[in-house]
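# Understanding the architecture of this molecule
Each chain is listed here by its residues.
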Amino acid sequence: MGFGDLKSASGLKVLNGFLSDRSYIEGYVPSQADVAVFEAIGGAAPAADLCHALRWYNHIKSYQSQKNSLPGVKKPLGQYGPSNIADTTTGSAPAAVAKDDDDDIDLFGSDEEEDAEAARLKEERLAEYAAKKSKKPALIAKSSILLDVKPWDDETDMAKLEECVRSIQMEGLVWGQYDKVGTDLLEEQITAFEDFVQSMDVAAFNKI
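Residues numbered from 1 in each chain as written. Predicted model: local features only at pLDDT ≥ 70, side-chain atom pairs only at ≥ 80, totals over all residues. Heavy atoms only, no water.

Rule in force here: UniProt positions are given in the numbering used here, feature names are shortened, and annotations may be inferred rather than shown by experiment.
With an unreviewed UniProt entry as reference, the protein chain is termed Elongation factor 1-beta, source organism Perca flavescens. As recorded by UniProt, the Function (unreviewed entry) comment attached to the protein chain reads in full: "Catalytic subunit of the guanine nucleotide exchange factor (GEF) (eEF1B subcomplex) of the eukaryotic elongation factor 1 complex (eEF1). Stimulates the exchange of GDP for GTP on elongation factor 1A (eEF1A), probably by displacing GDP from the nucleotide binding pocket in eEF1A." On record in UniProt, under Sequence similarities (unreviewed entry), the comment for the protein chain is "Belongs to the EF-1-beta/EF-1-delta family."

### A short note on the overall build of the protein chain
To keep it simple, the criterion reads: Helix and strand assignments follow DSSP, with helices taken as H or I runs no shorter than four residues and strands as E runs no shorter than two, numbered in order from the N terminus. Exposure is judged per residue with a 1.4 Å probe applied to protein chains only, and the accessible area is read against the type maximum: over 50% gives exposed, under 20% gives buried, and values in between give partly exposed. Should any heavy atoms of two residues lie within 4.5 Å, those residues are considered in contact. Areas reported here follow the Shrake-Rupley algorithm with a probe of radius 1.4 Å; residue values treat only the protein chains shown as occluding.
Each helix and strand in the protein chain was counted, giving six helices and four strands. Of the regular secondary structure in the protein chain, the N- to C-terminal order runs α-α-α-α-β-α-β-β-α-β. Burial status across the protein chain gives 32% buried among its 208 residues. Pairs at least 24 apart in sequence give 72% of the contacts found in the protein chain among residues at least 6 apart. In the structure as shown, the protein chain presents an accessible area of about 13300 Å², 52% of it carried by carbon and sulfur atoms.

### With respect to the nonpolar core
For the record, the criterion: We call a set of buried residues a nonpolar core when its members are Ala, Val, Leu, Ile, Met, Phe, Trp, Tyr or Cys and they connect through side-chain atoms within 4.5 Å of each other.
By size, the foremost hydrophobic cluster in this structure holds 21 residues, and its most contacted members are F3, L6, L15, I25, V37, W56 and Y80. Taken together, the elements giving at least two residues each to this core come down to α1 (9–18), α2 (32–41) and α3 (51–61). Looking at this core element by element, the count peaks at six residues for α2. Beyond its immediate stretch of four places on either side in the chain, L6 contacts G11, L12, L15, V37, A40, I41, L77 and T89.

### A closer look at the pattern of salt bridges
For the record, the criterion: We count a salt bridge whenever a side-chain nitrogen from Lys or Arg sits within 4 Å of a carboxyl oxygen from Asp or Glu.
Scanning all chains against the criterion turns up six salt bridges. For D21, the salt bridge identified is with R22, shortest N-O distance 3.3 Å. One network of salt bridges, in which partners are shared, links E39, K67 and K74.

Printed below as a string of structure tokens:
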């Protein structure tokens, strides 16, 4: 498994294809899997034509201040991505723990065990919370919103702009339907395609 070399254009292209029908690397919420892949890419965002990877990158970037609290356990890059592609990202292999010739004790073992236990407890609590929440009848409020997305000029590739905007995936958002999604968050993700989008306005907002 893997994405190839995530520091290269070919690796980012694989990631873009992988995210074409996914919001996250694993599951349905941001997790340590997203943190691992995000950190492997480095500081440079994917190119604008890789709209799925760019949408995901900007979304995970917004979690950087709380990345250590995201659920899950970070695994090697070779355990994420398409099954038919190997990971070749430079520096992605886990570093070996240095051992003293006279002492075979792994000084980091206890920390890893504690981190794994903390992650397990957190996942259990999240599961319990989700189970309790699922038992409560939810009042679903729906809205119909017409967005006016402005290109930079008349030479902007409007088909590509539409593809980028429609690549945005959020819980409760279906293009043609609109449920549980804040307009501020949606505007932030749309204007992240800065090569195509100058600005965005809400042209109409109606409760259903």
